[in-house]
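Observations on the model geometry
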Amino acid sequence: MKTSIIPARPEDAPLIARAILMAIGDELTLHLAGPEHTPLDVQRLFESLARRTDSQYSYLNTLAALTETGEVAGLLICYDGADLHRLRIPFFAEAEGAIGLKINGDPDDETGPEEIYLDTLAVFPPHRGKGIGRRLIAAAAERAHALGRPLGLLVSKHNPEARRLYDSIGFREAGERPFAGEMMTHLQLPPR
């Protein structure tokens, strides 16, 4: 299947939100919703953040894989790790207003200034197994490597399928980092 990789557009915000929920999974989505809200409220939060230009989940930080018919088959969100603190301010503010999530203290950093961070990768079910995830990662790696920096990501130790994909592309282990209460494996794809 022929796909093209393009920058996402503001109108892709609902799909970006859907991709984020796919990537974080049902358990974390329900945790974010808490007892007073629903997964739909969490989806609306991420949709709002995707429409913004100053959020880590912004369409400006998102690549879309389009089929020959123009359907979005998958999405990848990545941004400069040096911008993490600035980019997550809108998340903290909107999450408190939309779902009552209060961030106490300074949360652990999932990335740092040494890398371009691959935050979210999701291929929608009808398009899986066709190499779309690899093409999205290749496009993100090209951007990172043009800046002379590695592409970094976190992968759950409980997701061997994703780990095999990243290993096969050439990612290398760069330690561990906590995220959402779990110690994750930090991987980087060095510049070529």
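Everything here concerns the structure above.
Summarised in this report is the structure supplied together with it. (Residues numbered from 1 in each chain as written. Predicted model: local features only at pLDDT ≥ 70, side-chain atom pairs only at ≥ 80, totals over all residues. Heavy atoms only, no water.)

Looking at helix H4 (residues 132–146)
Given a rise of 1.5 Å per residue, 15 residues ought to cover 21 Å, and the 21 Å separating the end C-alpha atoms of H4 matches this to within 8%. One or two residues past the end of H4 sits Gly148, with phi positive at roughly 75 degrees. (Helix = DSSP H or I, 4+ residues; strand = E, 2+ residues; numbered from the N terminus. Expected span 1.5 Å × (residues − 1).)

Here's the deal with the pattern of salt bridges
Once the charged atoms of two side chains with opposite charge are near each other, the side chains can pair. Counted by the stated rule, this structure contains 15 salt bridges. Taking the shortest distance from any N to any O, the salt bridge between Arg88 and Asp109 comes out at 2.8 Å. Of this pair, Arg88 sits in helix H3 (residues 84–99) while Asp109 is found in the loop between H3 and strand E4 (116–123), placing the two residues 21 residues apart along the sequence. Judged by relative accessible area, Arg88 falls into the buried class, the value being 4%. In this structure Asp109 comes out as partly exposed when scored by relative accessible area, which is 31%. With a closest N to O distance of 2.9 Å, Asp167 and Arg163 form a salt bridge. Remark: Arg163 and Asp167 occur in helix H5 (residues 160–169); sequence separation between them is four residues, near one turn of the helix. When salt bridges with common partners are traced through the structure, they connect Arg9, Glu11 and Asp12 into a single cluster. (Salt bridge = Lys/Arg side-chain N within 4 Å of Asp/Glu carboxyl O. Buried < 20%, exposed > 50% of the residue type's maximum accessible area, 1.4 Å probe, protein only.)

Side note on the pairing of strand E2 (residues 62–67)
Counted residue by residue, E2 has six buried out of six residues, so it is predominantly covered. Judged from the five bridges that link them, strand E1 (residues 3–7) and E2 form a sheet pairing that is antiparallel. The partner of Thr3 across the bridge, within E2, is Thr67. Turn length for the E2-strand E3 (residues 72–80) hairpin, with the two strands adjacent in sequence and antiparallel, is four residues, and the turn residue Gly70 shows positive phi of about 90 degrees. (Pairing = 2+ DSSP bridges.)

Details of helix H1 (residues 13–33)
Between its terminal C-alpha atoms H1 stretches only 19 Å, short of the 30 Å expected from 21 residues at 1.5 Å a residue. Taken residue by residue, H1 has Ala13, Ile16, Ala17, Ala19, Ile20, Leu21, Thr29, Leu32 and Ala33 as its buried positions. Packing partners of the buried residues in H1 comprise helix H2 (39–51), E2, E3, H3 and E4. Phi turns positive one or two residues past the end of H1, at Gly34, with a value near 65 degrees. (Contact = heavy atoms within 4.5 Å.)

Thoughts on the packing of H1 against H2
The geometry of H1 relative to H2 is characterised by a closest axis approach of 8 Å and an angle of 140 degrees between their N-to-C directions. Judged by the inter-axis angle, H1 sits oblique to H2. Of the two elements, H1 crosses H2, and the hand of that crossing is right-handed. Residues Ala13, Pro14, Ile16, Ala17, Ile20, Leu21, Ile24, Thr29, Leu30, Leu32 and Ala33 of H1 touch H2, and the partners they reach there are Pro39, Val42, Gln43, Phe46, Glu47, Ala50 and Arg51. Tallied by class, residues from the contact of H1 with H2 come to 14 nonpolar, two polar and two charged. (Axes fitted to C-alpha atoms, helices over the stretch in contact; angles between N-to-C directions. Parallel < 35°, antiparallel > 145°, perpendicular 65-115°, else oblique. Left-handed = near helix turned anticlockwise from the far one by under 90°. Nonpolar A, V, L, I, M, F, W, Y, C, P; charged D, E, K, R; others polar.)

Quick word on the sheet that holds E4
What the seven strands build is an open sheet, ordered E1-E2-E3-E4-E5-E7-E6; its pairing is mixed. Across the chains shown, the open sheet's two edge strands, defined by having one partner strand only, are E1 and strand E6 (172–179). Taking the axes of each pair of neighbouring strands and ignoring which way they run, one obtains an average angle of 30 degrees across the sheet. Of the strand pairs in this sheet, E4 and strand E5 (residues 151–155) are connected by two bridges, and their pairing is parallel. Directly across from Ile116, in E5, lies its bridge partner Leu151.

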